[in-house]
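A look at the structure
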Amino acid sequence: MLKVLVLFSDPPGASQRLRLDNEDRALATLAKRFSGSVSFERHHASQLEDIRQLLTSSCFDVIQFSGHGGTDGIVLDQSDLPPTGQMVSAERLHSLLAIPETGPRLVVLLSCYSNNSLPILSKVAPFVITTVGPIEDRLCLEFIAAFYEQLFAGYSIHNSFEHAKHVLNAKALSHDNIQLDRRVLIEAKGSRYIESKPDPMHDSILVNLDCVSSTLGTFGLLEEQVLHLIERKLSIHEWIFAVPRENCIIPIGRMLFGEFRWTNARDVVYCTRLMKLRSDISPKHWEVWHKLLIAYNDLASSPYRVLADPAGEGNRNSLNKAIKTLKYYVQRYLVPAKKDLSDLGLEDWLPYVDFVTNHCDAARDQYSFEQFPLVVKALEEALTNFHELVDGLRPPEQSTTD
């Protein structure tokens, strides 16, 4: 569920009153329409302490501020200061927004001159929407209505932003001073990136290529061909990016694989190595390993693994689904692989198939007893042994000098 927090501030002594009630009404109507997939919370006359309490108690995917702003920051209400409110600098706002354990995916600042704060606020979220110079009430209202209608419907941030721009164009409203920025590109500083676009419902994946730039043209393919393969394959496997990973191997092309790592794939994914398997390996060996690799990557991305408390009572459905998924992969891929491993002379790895199977059974049994911490433990042990199997079966690589 998408969690959205909108903070309004329009101190009574401000030089120009804003029609934030219209904006609030439009957002509330949209949130009600998409109530099954959106959790919407808003706060009027927002003060520093209000925001601190809100962000201490909960995490949000989107945090928006609507109100007055200037080149020095944004204006918040304050009961013990003059009625014009107080100017809060970008540095102080950054400190507030950094309070939650999990930062927002998007920060929206619909206030005049908020783009001046971009270098600092981009450190808080992967995506930031700001305004360059002054901005009118009507433009803000039309933008947020079009943007959130698309975002609440499940589309990506970039797609929603482009949709809002088209709507503004159709209404003869200039949107040049509303800007969407991405943190990674702001901080690029000479680094090389490519962008993989899964579909309109998912944000694109930015891949840092600094570690592999010198090897892109060493696999019998043109550099442009390798880049195209990375862009296409990562979009196909986009679901595996939900969980942080280290040394994740993803198929790129026939016998060509990439090694990737990421903490937050919405921000940046690092390609740390490219490798090509030797052409003289047994086709059966390659086939078995490839199938198990794909299965492992799927299991490593199970939704329960990103929950704050996966063993919590409220997450039992997620654990049940994880057990069923693991059992399916065991029966579909692991058990049939036993004969192949024997035929290939790789019997040393057969015990790991049994280890995964046994931990899968243990997870199912512990679930029936409602011992959810033990369920999580068994699932993780199954995954660890699955990883050991896949890692041990990895075929030899071709040297880049071959």
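Residues numbered from 1 in each chain as written. Predicted model: local features only at pLDDT ≥ 70, side-chain atom pairs only at ≥ 80, totals over all residues. Heavy atoms only, no water.

Describing the overall build of the protein
The secondary structure content of the protein amounts to 12 helices and 14 strands. Each principal axis of the C-alpha distribution contributes one length, and for the protein these read about 80 × 55 × 35 Å. In the protein, which comprises 402 residues, the proportion classed as buried is 48%. The long-range share in the protein, meaning contacts at least 24 apart out of those at least 6 apart in sequence, stands at 65%. Entry remark: accessible area of the protein is about 19000 Å², with carbon and sulfur atoms responsible for 50%. (Helix = DSSP H or I, 4+ residues; strand = E, 2+ residues; numbered from the N terminus. Buried < 20%, exposed > 50% of the residue type's maximum accessible area, 1.4 Å probe, protein only. Contact = heavy atoms within 4.5 Å. Areas by Shrake-Rupley, 256 points an atom, 1.4 Å probe, with all protein chains shown as cover.)

Looking at the environment of Glu380
Relative to the helices and strands, Glu380 resides in helix 12 (residues 372-392). Each C-alpha atom, one on Glu380 and one on Val356, is 9.8 Å from the other, the two residues being 24 residues apart in sequence. Excluding anything up to four places from it in sequence, Glu380 contacts Tyr304 and Arg305. Within the local environment of Glu380, its side chain forms a polar contact with the side chain of Tyr304, the two groups lying 2.6 Å apart. (Polar contact = N/O pair within 3.5 Å; in protein donor to acceptor, adjacent residues only side chain to side chain.)

Some words on the packing of aromatic side chains
Summed over the entire model, instances satisfying the criterion amount to 13 aromatic pairs. Considering the side-chain rings of Trp349 and Tyr352, the 5.3 Å spacing of their centres and the 35 degrees angle between planes classify their relative orientation as tilted. Lying over the aromatic face of Tyr270, Arg261 brings its terminal NZ or CZ to 4.4 Å of the ring centre. For the cation-ring pair, Arg332 lies above Tyr333, with the distance from its terminal atom to the ring centre recorded as 5.1 Å. (Phe/Tyr/Trp six-rings, centres within 6.5 Å; stacked < 30°, edge-to-face > 60°. Lys NZ or Arg CZ within 6 Å of the ring centre and 35° of its normal.)

As for the environment of Ala125
Along the chain, Ala125 falls in the loop between helix 4 (118-121) and strand 8 (127-131). Relative accessible area serves as the criterion here: at 0%, Ala125 is assigned to the buried category. With 88 residues separating them in the primary sequence, Ala125 and Ser37 have C-alpha atoms 21 Å apart. Those residues in contact with Ala125 that sit more than four places away from it in its chain are Pro104, Arg105, Leu106, Val107 and Arg183.

Brief notes about the sheet that holds strand 11 (residues 205-208)
With mixed pairing, 5 strands are arranged side by side in an open sheet as 10-11-14-13-12. Whereas interior strands pair on both sides, the edge strands pair on one side only; in this sheet they are strand 10 (193-196) and strand 12 (245-253). Taken over all neighbouring pairs, the strand axes of this sheet differ in orientation by 35 degrees on average, direction set aside. Here strand 13 (residues 256-262) runs beside strand 14 (residues 269-276); their pairing, made up of 6 bridges, is antiparallel. Bridge pairing links Phe260 to Cys271 in strand 14. (Pairing = 2+ DSSP bridges. Axes fitted to C-alpha atoms, helices over the stretch in contact; angles between N-to-C directions.)

Quick notes on the packing of helix 9 (residues 283-300) against helix 12
What describes two packed helices is the angle between their axes and the distance between those same axes. Running from N to C, helix 9 and helix 12 point in directions that differ by 150 degrees, and their axes come no closer than 10 Å. One way to sum up the angle between helix 9 and helix 12 is to call them roughly antiparallel. Where helix 9 crosses over helix 12, the two elements pack in a sense that is left-handed. Residues Trp289, Leu292, Leu293, Ala295, Tyr296, Leu299 and Ala300 of helix 9 pack against Leu383, Phe386, His387, Leu389 and Val390 of helix 12. Among the residues making up the contact of helix 9 with helix 12, the classes are represented as 11 nonpolar, 1 polar and no charged. (Parallel < 35°, antiparallel > 145°, perpendicular 65-115°, else oblique. Left-handed = near helix turned anticlockwise from the far one by under 90°. Nonpolar A, V, L, I, M, F, W, Y, C, P; charged D, E, K, R; others polar.)

Some thoughts on the pairing of strand 13
Taken across its 7 residues, strand 13 has 6 buried, putting it largely inside the fold. Judged from the 6 bridges that link them, strand 12 and strand 13 form a sheet pairing that is antiparallel. Residue pairing across strands places Ile250 opposite Gly258, the latter belonging to strand 13. Adjacent in sequence and paired antiparallel, strand 13 and strand 14 are bridged by 6 residues.

Digging into unusual backbone geometry
The backbone of Ala172 shows a phi angle near 60 degrees, a positive value even though the residue is not glycine. Note on placement: Ala172 falls in the loop between helix 6 (157-170) and strand 9 (178-182). In this structure, Asn247 is a non-glycine residue whose phi angle is positive, near 55 degrees. Here Asn247 is to be found in strand 12.

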